[in-house]
Amino acid sequence: MSFTTNELMAYAVSRRLRSEDLVFIGVGTAGRAYTLAVGIPLVASRLAQLDHAPDLDIYLGNLLSPDLAKMPTQLTQDAITRWPGAHAPADIGNKVDALVRGDFTVSFESAAQVDRWGNLNITAIGAAEAPDVRLVGTLAQAEHLAFVERPIIVVDLSSRTFVEEVDVISSFGHASTQGSRRQLGYSTGGPALVVTDLCTFDFTGQGLMRLNSLHPGVTVDQVLDQMSFEPVIPDQVPQTPKPNEEQIKLIRNEIDEGQALLRH
Amino acid sequence: MRDKLTPLEQAVASIPSCSTVAVGGSLLRRQPMALVREILRQGTDRLSIMTWASSLAADLLAAGGVLRSWEGIYVGFWWYGLAPNFRRAVQWGEFTVQDRSESYMTARFRAAAMGLPYLPVAPIPGIHSIRHGVQEVTCPFTGQQLHAVPAAEPEVTILHAYRGDRYGNIAWPAHRDSDDLDLIMASGARRLIVSVEEIVPHEQIAAMPNLTYIPHTKVDMICQARFGAWPGSCDTRYDEDAEELKRWLAAGRDPQTFADYLGGLLAGGSHAQMIEELAGAQRLSSLEVSER
């Protein structure tokens with residue numbers, strides 16, 4: 001049974017999710033960015049619940065265990081306020097505390113720039129002061145990469161996004177010119193996986209981005225064409241595992257019936 | 001308790017130029033826009049603002065050219081896109097920017113709420129946003145290396161809220177969107193101005209005191225501002241005005257076009273008059289949602 005790239009990406013993510021996980025998914029953004037930041041993570045989490053991780057917990061925006069059957073189609077304020085779920089914290093500080101304490105085991109990240117060490121930039125292109133392009137700031141992404149067990153980066157492959165060194169380190173990956181994660185005082189964590197529209201990456205023991213799998217029909221050269229640096233390339237690069245018919249049907253018929261999540 | 005009901009104009013007149021102002025709300029929700037527009041009408045200038053996730057408030061103050069600095073976790077228009085005026089002003093170096101990650105920003109306001117000069121936070125080494133105003137400290141019990149952030153010290157804090165009595169008791173609805181820092185900002189405020197959608201009798205507040213998230217003891221002035229977050233949203237009261245946001249973003253592509261747009265926005269002379277005109281033009285009723 002044929003599948004779309006979005007379905008393949010969602011399946012690749014879902015394979016990494018476990019029943020004991022508490023995953024954090026942000027809300028907001030629109031179009032393709034919505035599919036990457038919300039759609040694919042949500043489909044992956046739901047697929048994992050139905051497939052192999054029944055007890056997996058989702059924290060979406062400000063809502064723990066949202067009723068996904070009642071997912072709003074329009075993200076207007078009232079639709080979000082009315083969305084049923086298990087818990088919303090009294091103030092946002094409670095959620096920040098949970099994050100810093102390490103309650104979340106998986107988080108999903110997108111960024112304007114990602115570098116070979118998995119550093120992320122959502123702050124500015126160019127200098128931090130008087131930049132060429134000002135982006136949104138910082139949010140809690142730095143906390144995600146610092147305190148979440150296995151952050152997963154979901155972005156499309158592009159040489160503008162995959163840069164040698166990010167212009168501004170909003171969130172720290174595995175190393176920078178300042179030193180390694182360990183040298184800077186981090187004990188654990190860092191980005192675990194990068195899922196793109198052409199391939200997936202993980203990171204070596206030294207914290208360098210490494211080609212982990214190629215999507216069906218994609219070559220190493222096609223991947224390198226879309227990157228401004230060369231990742232570590234193993235001798236044998238496996239193909240990204242394909243979802244089976246049952247999993248594809250779950251996505252299309254149960255999880256994303258209205259195609260709100262994987263449309264773009 | 002004493003009567004703290006104050007006309008919006010008078011409340012804003014008490015905010016001095018060159019002061020540091022904490023501005024509440026999160027994303028498109030409960031940005032204190034009636035107060036922000038009045039700041040621009042009165043020509044209050046050279047403000048340093050501190051925000052959580054800001055959108056309309058930071059963008060409008062940037063467009064008005066009254067900012068000396070901004071500190072916060074985010075400025076953008078959520079799924080509508082980036083903040084056009086804020087973005088341009090930062091790119092042109094018009095004011096200084098202090099990015100803060102969420103745990104550090106929360107600690108800034110919590111320290112103020114606790115009456116402490118600083119709070120330690122779990123360190124996030126190597127990131128851009130810790131370059132200024134963060135010090136290393138050693139835990140006296142464990143020897144662990146931590147980061148210390150200073151207490152937020154805004155001279156004035158401005159928030160927009162749902163309802164309150166004339167004494168300044170500000171109440172939540174039972175069901176709301178809780179994704180903001182307003183409660184902590186209020187707890188640590190030095191001087192607090194709150195605009196509310198509705199002034200209600202004290203008896204209504206007194207019947208459910210646990211819904212009072214900001215007590216009158218913290219509030220200096222309470223102002224009535226119906227649709228005070230427009231064109232943003234006030235959860236349980238009204239949704240964001242998508243059409244107006246699109247006009248805003250379109251005008252924001254060019255500074256002169258936005259200056260004209262801003263002029264039109266402020267032309268009514270007062271918030272009350274502006275809302276009356278919008279209501280008269282049938283612009284507001286479709287945004288209203290029913291409270292639960």
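The rules behind each value
Residues numbered from 1 in each chain as written. Chains lettered and ligands numbered in written order. Predicted model: local features only at pLDDT ≥ 70, side-chain atom pairs only at ≥ 80, totals over all residues. Helix = DSSP H or I, 4+ residues; strand = E, 2+ residues; numbered from the N terminus. Buried ≥ 20, exposed ≤ 12 C-beta atoms within 10 Å, placed from the backbone. Contact = placed C-beta atoms within 7 Å. Axes fitted to C-alpha atoms, helices over the stretch in contact; angles between N-to-C directions. Parallel < 35°, antiparallel > 145°, perpendicular 65-115°, else oblique. Nonpolar A, V, L, I, M, F, W, Y, C, P; charged D, E, K, R; others polar. Core = buried A, V, L, I, M, F, W, Y, C linked by C-beta atoms within 7 Å. Domains from an automatic or database assignment. Pairing = 2+ DSSP bridges.

1. Some words on the environment of A:Arg150
All names here are of chain A. Tracing the backbone shows Arg150 in strand E9 (residues 150–154). Its 18 C-beta neighbours within 10 Å are what place Arg150 among the partly exposed residues. The sequence separation of Arg150 and Gly190 amounts to 40 residues, and the corresponding C-alpha distance is 6.9 Å. Apart from residues lying up to four places away in sequence, Arg150 is in contact with Thr105, Val106 and Ala192.

2. Quick look at the packing of helix H2 (residues 33–42) of chain B against helix H3 (residues 56–63) of chain B
Residues and elements named next belong to chain B. Contact geometry for H2 and H3: axes closest at 10 Å, N-to-C directions at 5°. As the angle between them shows, H2 and H3 are arranged roughly parallel. Mapping the contact onto sequence places Met33, Val36 and Leu40 in H2 and Leu56, Ala57, Leu60 and Leu61 in H3. Class assignment of the residues belonging to the contact of H2 with H3 gives a composition of 7 nonpolar, no polar and no charged.

3. Structural notes on the nonpolar core
Membership of the largest hydrophobic core comes to 165 residues, with the highest contact counts inside it found for A:Val43 and B:Val194. When residues in this core are grouped by element, the largest group, 10 residues, is from helix H2 (residues 31–51) of chain A. The contacts of B:Val194, once residues within four sequence positions are left out, are B:Leu159, B:Ala161, B:Gly164, B:Gly168, B:Ile170, B:Ile214, B:Val219 and B:Ile222.

4. Quick notes on the domain arrangement of chain B
Many structure descriptions define interface size as the accessible area lost when the parts assemble. Residues and elements named next belong to chain B. Domain annotation of chain B identifies domain 1 (8–100 + 153–287) and domain 2 (106–150). Domain 1 and domain 2 are separated by 28 Å when their C-alpha centres are compared. The partner domain 2 presents 9 residues to the 9 residues of domain 1 that form the contact. If you list the elements that add at least two residues to the side of domain 1 that touches domain 2, you get strand E6 (96–99) and helix H6 (182–187). Per-element tally for the side of domain 1 that touches domain 2: the top contributor is H6, with 3 residues.

5. Notes on the sheet that holds strand E8 (residues 135–138) of chain B
All names here are of chain B. Spatial strand order, E7-E9-E8: 3 strands in an open sheet with antiparallel pairing. Unpaired on one side and paired on the other, strand E7 (118–121) and E8 mark the two borders of the sheet. Strand-to-strand twist in this sheet, taken as the mean axis angle between neighbours without regard to direction, amounts to 45°. Alignment of E7 against strand E9 (residues 145–150), held across 4 bridges, turns out to be antiparallel. Bridge pairing in E9 links Tyr118 to Pro150. Against the sheet, helix H5 (residues 102–114) makes contact with E7 and E9, and its axis sits at roughly 150° relative to E7, the strand it touches most.

6. Some remarks on the interface of chain B and chain A
Every contact between the two is made by 46 residues of chain B and, on the other side, 46 residues of chain A. For the side of chain B that touches chain A, the secondary structure elements donating two or more residues are strand E5 (74–75), helix H4 (84–91), H5 and H6 of chain B. Top contributing element to the side of chain B that touches chain A by residue count: H5(B), with 4 residues. When the residues that make up the side of chain B that touches chain A are grouped by side-chain class, the tally is 18 nonpolar, 15 polar and 13 charged.

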